[in-house]
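Here is how the chains run, residue by residue.
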Amino acid sequence: MSDLEALTRVLPMVGAEPAILDDERIAHVVGQGHRILSRRSVPGLDLDIEETPDAIVGKMTIRAGVVIEQPIHMCFGLAHPTGSQNIRIDVVVEERATARVLSHCLFPVAQSAQHRMQAAIDIGPGASLTYSEGHYHGPHGGMQVVPHASIKIGKGARYFSDFSLLSGSVGNLDIDYLVEVEEDGIAELTAKIFAHRTDRITLKEAVILRGERSRGLIKTRVVLDGEASAEIVGITEAHAKGARGHVDCMEIVQGRAQASAIPIVRVFHPEAKVTHEAAIGSVDRKELETLMARGLSPEQAVEMIVSGILR
Amino acid sequence: MNGPLLDIRNLNFSAGNQTILDRLDLTIHPREIHALLGANGSGKTTLAYVLMGCESYVPSGGCVVFNGTDLVPLKMYERARLGLTLAWQEPARFEGVTVREYLSLGKPNYDPEPALRQVGLDPERYLNRRVDKTLSGGERHRVELASVLSMNPKLAILDEPAAGIDMLSINHIIDIIRALKAAGGSVLLITHQEEVAAIADSASQLCNGRIVFSGDPDRVIEHFRGRTCVRCDGEVCGYVRP
């Protein structure tokens, strides 16, 4: 089996189909380690990506005013038990452009490997970017997954991100996102993680509301079992009149897992407002009992509650 | 079955040093709607939790026989599988779970639309809504009742089913309670609302953890309206006519 086949055959695990690579209307990049296995662009999208000995490096630009109708698929991963992958990418969404990026990070057999991503995302005035990142890991754990990103959201621009890691055991996951939002801009960051075994999760997301009437939401849902642990840091700063932010973190802890949540809110303008809520603990007793009163066993009830939270 | 569906004898429940249910006796027959009235703190909801087997609600004495089976040693979901269920006064909310999923719990091929229509909710608008905080209190109550209907229970314990429901919609709630009976089930109806209690076949008044008056619903309602109750003269239960 080729590396391309090894990666694309697990695409359904993150909700995508291998056939997307054959569709000429759909832009994509597939990278294994530091090699680019497949790529396609579409009108309005400049895809300037190249292989180097120690990284995949590139820039993706959605030109001003262009609406990319189909999602842009970025499939990165490792097809082997060991290896390393570094990705350095700049994403520019020019003024009034709109795009949706589906990033698939695939590590079906990884046991001792690294995946590092350093992204700089610049969303121009009035533009919109939806960025969904889905991870698929096999059962072994043992990876270092380090996605870091700096995102700048221009005047009236919108950015929606959705990170999900719901299958398999990752090993160590260290996410660090910094988002800066200008006037009338919107940033919504959602992360859903199910950690198992001895997984270690560090998730740090910061939204800096610099412009007037800018808005930010950080929503985190983490479920931990086995001996997994997580530290979730959600930072929101409001610096301008009318800025509104909210941090919402929920962690469910099962078995011998451990969790912490650190919401940090800072307000530097009297007409700005930031709120936060955090809940850590076992599955809510009332939810559990409600489902058991309908005949579900405790195990079935927990599974339903957890799958709902991570949806 | 000719005997009672639910037979409670000499039931006791304490929390710390406080007696909440005190030698309580209650019988409910098949296809019977039984209203349970009582002032705040009289023990109505505690009785519901003890019957359902909620955590920490283990009786300290007495027996509860449901359809010929001793309920006390059974786990909550085992009681539910025998045909007993409870609709909470403040129903839980479930992030991410749709109304369709909630009504189809454990029943993969179940069609939830009739139950939703019965509670006055349009399936097209509600089936894909989430059972979370985006539902209003009244909508959540109706979804809870639809969930009870979907179980087709032998005995449904409804704790204040009309709480948070506007006056115009109370008839829907009454219809649902009657539908449970029409389907062959019984209802233990915990309520403060006389117009809801009035549809019962029988009723009891609970005071300070004991059934102090039982009989025809009109008589129990009339008794409940009174300034005092027979057991404590109002001094213990604190009930004062509004």
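This text goes with the structure placed above it.
What you see is a predicted model, and the numbers here were worked out from it, not measured in a lab.

(A) Here's a closer look at the sheet that holds strand 8 (residues 112–123) of chain A. Residues and elements named next belong to chain A. Sheet architecture is open: nine strands sit in the order 3-4-6-8-10-12-14-16-18, paired in mixed fashion. With one partner strand each, in any of the chains shown, strand 3 (45–52) and strand 18 (258–267) form the two edges of the open sheet. Adjacent strand axes in the sheet meet at a mean angle of 5° when their direction is disregarded. One ladder, built from 10 bridges, connects strand 14 (residues 200–209) with strand 16 (residues 229–238); its direction is parallel. Opposite Ala 206, over in strand 16, you have Ile 235 as the bridge partner.

(B) Spatial organisation of empty space enclosed by the protein. Residues and elements named next belong to chain A. Taken as a whole and judged by the stated rule, the model has four cavities of 30 Å³ or more. Each pocket or cavity is described by its volume, and for the largest cavity that value is around 110 Å³. Taken together, 13 residues form the lining of the largest cavity, with Met 74, Ile 89, Ser 103, Met 117 and Tyr 131 sitting closest to its centre. Counting residues per element, the ones that place at least two in the lining of the largest cavity are strand 5 (72–77), strand 6 (82–93), strand 7 (98–107), strand 8 and strand 9 (128–137). Among the residues forming the lining of the largest cavity, the class breakdown is 10 nonpolar, two polar and one charged. The volume enclosed by the second largest cavity comes to roughly 60 Å³. Looking at the lining of the second largest cavity residue by residue, the class counts come to eight nonpolar, two polar and one charged.

(C) Geometry of unusual backbone geometry. Unusually for a residue other than glycine, Arg197(A) sits at a positive phi of about 50°. One non-glycine residue, Asn208(B), lies in the positive phi region at around 55°.

(D) Here's a closer look at the interface of chain A and chain B. The interface is formed by 23 residues belonging to chain A together with 31 residues belonging to chain B. If you sort the residues of chain A by the area they bury against chain B, Lys286(A), Arg294(A) and Arg311(A) come out on top, with a joint share of 31%. Notably, a salt bridge pairs Arg221(A) with Glu95(B), separated by 2.5 Å at the nearest N-O pair. Along the contact surface separating chain A from chain B lie 13 residue pairs in polar contact (both at pLDDT 80 or more). Looking at the side of chain A that touches chain B, the elements with two or more residues in it are strand 15 (215–224), helix 2 (285–292) and helix 3 (298–309) of chain A. Broken down by element, the side of chain A that touches chain B gets its largest block of residues, seven residues, from helix 2 of chain A. Here the residues of the side of chain A that touches chain B are counted per class, giving nine nonpolar, five polar and nine charged.

(E) Just the pairing of strand 1 (residues 6–15) of chain B, in detail. Residues and elements named next belong to chain B. Note that strand 1 and strand 4 (residues 61–66) share five bridges and pair antiparallel. Bridge pairing in strand 4 places Ile 8 opposite Val 64. Here strand 1 pairs with strand 2 (residues 18–28) via seven bridges, running antiparallel. If you follow Leu 11 over to strand 2, its bridge partner there is Leu 24. As consecutive antiparallel partners, strand 1 and strand 2 are separated by two residues, and within that stretch Gly 16 has a phi angle of approximately 65°, a positive value.

(F) Up close: the nonpolar core. With 97 residues, the main nonpolar core has Leu291(A), Ile8(B), Leu47(B), Tyr102(B), Leu116(B), Leu158(B) and Ile177(B) as its most contacted residues. The element contributing the most residues to this core is helix 7 (residues 170–182) of chain B, with seven residues. Not counting residues within four places of it along the chain, the set of residues in contact with Tyr102(B) comprises Thr290(A), Leu291(A), Arg294(A), Met304(A), Phe94(B), Val97(B), Val131(B), Arg140(B), Val143(B), Glu144(B) and Ser147(B).

(G) Molecular detail of the environment of Ala261(A). Along the chain, Ala261(A) turns up in strand 18. Spatially, the C-alpha atom of Ala261(A) lies 4.7 Å from that of Ile232(A), the residues being 29 residues apart in sequence.

(H) A look at the layout of surface pockets. All names here are of chain A. Approximately 720 Å³ is the volume attributed to the largest pocket. Listing elements by their share of the lining of the largest pocket, those giving two or more residues are strand 13 (186–195), strand 15, strand 17 (244–253), strand 19 (273–281) and helix 3. Here the lining of the largest pocket is composed, by residue class, of 11 nonpolar, seven polar and 14 charged. Estimates place the volume of the second largest pocket at around 310 Å³. Lining the second largest pocket are 20 residues, with Val 14, Ser 132, Glu 133, Gly 134 and Ser 164 positioned closest to its centre. Secondary structure elements with two or more residues in the lining of the second largest pocket: strand 7, strand 9 and strand 11 (158–167). Counting residues per element, the lining of the second largest pocket draws most heavily on strand 11, at five residues. When the residues that make up the lining of the second largest pocket are grouped by side-chain class, the tally is seven nonpolar, nine polar and four charged.

(I) The packing of aromatic side chains, seen in detail. All names here are of chain B. Under the criterion given, the structure shown has four aromatic pairs over all chains. Arranged with centres 6.3 Å apart and planes meeting at 40°, the rings of Tyr 49 and Trp 88 form a pair that is tilted. Taken as a pair, Tyr 49 in helix 1 (residues 44–52) and Trp 88 in the loop between strand 6 (84–87) and helix 3 (99–103) lie far apart in primary sequence, 39 residues in all. No difference in accessibility class separates Tyr 49 from Trp 88, as the two residues are buried. Where Phe 94 meets Tyr 102, the ring centres are 5.3 Å apart and the plane angle is 35°; that geometry is what we call tilted. The exposure class assigned to Tyr 102 is buried, which follows from its relative accessible area of 1%. Ring pairs connect the aromatic residues Phe 13, Tyr 49, Tyr 57 and Trp 88, which therefore count as one cluster.

(J) Highlighting the pairing of strand 9 of chain A. Residue and element names in this part refer to chain A. The buried fraction of strand 9 is high, at nine of 10 residues. In this sheet, strand 9 lies alongside strand 7 in parallel orientation, the contact comprising 10 bridges. Its bridge partner lying in strand 9, Leu 106 is registered against Tyr 136. Here nine bridges tie strand 9 to strand 11, and the two strands are oriented parallel to one another. Looking at strand 11, one finds that Ser 128 is bridged to Arg 158.

Cut-off values and rules
- Residues numbered from 1 in each chain as written.
- Chains lettered and ligands numbered in written order.
- Predicted model: local features only at pLDDT ≥ 70, side-chain atom pairs only at ≥ 80, totals over all residues.
- Heavy atoms only, no water.
- Pairing = 2+ DSSP bridges.
- Helix = DSSP H or I, 4+ residues; strand = E, 2+ residues; numbered from the N terminus.
- Axes fitted to C-alpha atoms, helices over the stretch in contact; angles between N-to-C directions.
- 1 Å grid on protein atoms, 1.4 Å probe; cavity = no way out; pocket = protein on both sides within 12 Å on 5 of 7 lines; lining within 4 Å.
- Points joined across faces, edges and corners; volume = space filled by probe spheres on them.
- Nonpolar A, V, L, I, M, F, W, Y, C, P; charged D, E, K, R; others polar.
- Contact = heavy atoms within 4.5 Å.
- Buried area = accessible area lost by both parts, 1.4 Å probe.
- Salt bridge = Lys/Arg side-chain N within 4 Å of Asp/Glu carboxyl O.
- Polar contact = N/O pair within 3.5 Å; in protein donor to acceptor, adjacent residues only side chain to side chain.
- Core = buried A, V, L, I, M, F, W, Y, C linked by side-chain atoms within 4.5 Å.
- Buried < 20%, exposed > 50% of the residue type's maximum accessible area, 1.4 Å probe, protein only.
- Phe/Tyr/Trp six-rings, centres within 6.5 Å; stacked < 30°, edge-to-face > 60°.

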